[in-house]
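Okay, here's what each chain looks like letter by letter:
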Amino acid sequence: MFDAENPLTQAAREQMDSLYDAGWEAYKDQQEMRAAEIFGKALEIAESINDTRHIVLYRFWRGASLCSAGKLRQGLAVLTPTLKEGTTGGNPADIYITLILYINIAKSLPVNLGAIEKAYQQTENFLRDSGNLDWRHQLLLLQAQLYQSRGIYPEALAAAQESWAIWQNEYPCYTADAHLNSLVQISLLLGDAEQAQMYLREWEIDKHDDIPKSREGMSCCRQSDLARLEGRFTEAVDWARRAMLVDDSASGALVQAFLCTGDNRRARDELIRLLVQRHAEKGHDRYHIRLLWGDYHLACARQAAGMPAVDDEFELEFPPPNCIANPTATRYALARARRGYRAALKVGSWIDEKLQCSRRQKEISDRLARVEAIERKL
């Protein structure tokens, strides 16, 4: 057992504390693999002195860092021993955030809905048995995100609002940014620009700025999304570019903004940057990249046909062209769009099957209806 009086043990503890500080600095600077390496060293020290409490803690942080770097299955492997050991030995807060991280990975891959729901129930039971129901805001946020992934937006909003209402800025917690990001996203998916703007204003005045780069990247992406919803396409590009200054993962937002302005060349340049993620472990990322490729070619078809640029995510109306300016180029781009959407549908159908929904299949069906509307004029 851990012996606070042992000088060697005390020295090990001090070394772990120093590594924790260094790991956290790397993590919040979005150097996730560096953070994983540092937390791994701290974990090795904790294991060498059989410090169960810190073993649980550093398993979590190494797993979280790996997951943030896109190494989801490696992260799960690090977390699994704690899940098997249950509530023995660790700090209840550390055990709880490990359970929460497991659910987050499960919905990100995703795994079967039944397995995710089982993990939700296990975590609910843990909160009840440990007397820590005030931590439930994290679980509610994950529930909101799962509803969102399944296309059940009103329920997603209700869960996200309840989560934010009971959120507390104390350990264990998600940053305020995670809550507000979800609230804005869901509001936009419901087409409620006024509500999205309200949460963005709340985000601007919130002072809990634990991870500045993450906050800047997320909030700028959501500002870009709102600008697209409201038809302010040049502003959407500006916001997405600002996000890119701190977060390379904002490429998707920049692609969507460029397509809305009709700047297909720059959209393609950004899409090429995203290709490195096309085999990502996160199924949602693989789907989104393929969907964007389809949207890019559909935008090229509209351009060749002499049609104005539109936003394929938020624009509900899609008037067909009166005539086709360049039939050959239009036909070629439409064929490429169909291939892109077929690739997206293959991944999207798999995700829908896992999550027992039809959100992505409907999304692709709506896109293909636009392809067919142009084809009928050829």
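Quick caveat, the model's predicted, so the values are computed rather than measured.

*Asks:* Help me understand the packing of helix α3 (residues 52-68) against helix α4 (residues 72-85), please; the structure alone is not making it clear to me.
*Replies:* When two helices pack together, you describe them by how their axes are tilted relative to each other and by the distance separating the axes. One can describe the packing of α3 onto α4 by two numbers: an axis separation of 7 Å at closest approach and a directional angle of 155°. Taken together, the axis directions place α3 and α4 in an arrangement best described as roughly antiparallel. In the crossing of α3 with α4, the sense of the turn from one axis to the other is left-handed. Along its contact with α3, which presents V56, R59, F60, R62, G63, L66 and C67, the element α4 presents L72, Q74, G75, V78, L79, P81, T82 and E85. Among the residues forming the contact of α3 with α4, the class breakdown is eight nonpolar, four polar and three charged.

*Asks:* Teacher, can you tell me more about empty space enclosed by the protein here?
*Replies:* Remark: the empty space left among the atoms is shown by a probe the size of a water molecule rolled over them. Counting across every chain of the model gives one cavity of 30 Å³ or more. Of the volumes computed, that of the largest cavity is approximately 80 Å³. Every residue lining the largest cavity is counted, 13 residues in all, and those nearest its centre are Q256, L259, D295, D311 and D312. When contributions to the lining of the largest cavity are tallied by element, the ones reaching two or more residues are α13 (251-261) and α15 (283-305). Among the elements that line the lining of the largest cavity, the one with the most residues is α15, at four residues.

*Asks:* Teacher, can you tell me more about the pattern of salt bridges here?
*Replies:* Any two side chains of opposite charge can pair, on the condition that their charged atoms come close. Applying the stated criterion across every chain yields a total of 27 salt bridges. Between D129 and R128 there is a salt bridge; the shortest N-O distance is 3.5 Å. Put simply, D312 and R302 hold a salt bridge, and the shortest N to O gap is 3.1 Å. You can see D312 sitting in the loop between α15 and α16 (327-355) and its partner R302 sitting in helix α15, a full 10 residues away along the chain.

*Asks:* What am I meant to see in the environment of Q143 here?
*Replies:* Mapped onto the elements, Q143 comes out in helix α7 (residues 137-149). With a relative accessible area of 28%, Q143 lands in the partly exposed category. Residues Q143 and L133, 10 residues apart in the sequence, show an inter-C-alpha distance of 15 Å.

*Asks:* Even after reading the chapter, I still don't get the confidence of the model for the chain, so can you show me in this structure?
*Replies:* Atom-level detail of predicted coordinates should not be read off regions where pLDDT is low. Looking at the chain as a whole, its pLDDT mean stands at 92, while 97% of the residues score no less than 70. For the chain, the element scoring lowest by mean pLDDT is α4, at 88; α16 scores highest, at 98.

*Asks:* I would appreciate a short explanation of helix α11 (residues 212-229) in the present structure.
*Replies:* Between its terminal C-alpha atoms α11 stretches 26 Å, which fits the 26 Å expected from 18 residues at 1.5 Å a residue. Counting buried positions along α11 gives 14 out of 18 residues, so the element sits mostly inside the fold. In the segment just after α11, G231 is the residue with positive phi, at about 80°.

*Asks:* Could you clarify how one ought to interpret the side chain of D94 in this entry?
*Replies:* Of note, D94 is situated in helix α5 (residues 92-108). Summary of buried charges: D94 has no salt-bridge partner, and the nearest side chain of opposite charge, R53, is 5.6 Å away. For D94, the contacting residues outside a window of four places in its chain are R53, V56, L57 and Y171.

Here is what the cut-offs are and how they apply
Residues numbered from 1 in each chain as written. Predicted model: local features only at pLDDT ≥ 70, side-chain atom pairs only at ≥ 80, totals over all residues. Heavy atoms only, no water. Axes fitted to C-alpha atoms, helices over the stretch in contact; angles between N-to-C directions. Helix = DSSP H or I, 4+ residues; strand = E, 2+ residues; numbered from the N terminus. Parallel < 35°, antiparallel > 145°, perpendicular 65-115°, else oblique. Left-handed = near helix turned anticlockwise from the far one by under 90°. Contact = heavy atoms within 4.5 Å. Nonpolar A, V, L, I, M, F, W, Y, C, P; charged D, E, K, R; others polar. 1 Å grid on protein atoms, 1.4 Å probe; cavity = no way out; pocket = protein on both sides within 12 Å on 5 of 7 lines; lining within 4 Å. Points joined across faces, edges and corners; volume = space filled by probe spheres on them. Salt bridge = Lys/Arg side-chain N within 4 Å of Asp/Glu carboxyl O. Buried < 20%, exposed > 50% of the residue type's maximum accessible area, 1.4 Å probe, protein only. pLDDT = per-residue confidence, 0-100. Expected span 1.5 Å × (residues − 1). Lys, Arg positive; Asp, Glu negative; His and termini not counted.

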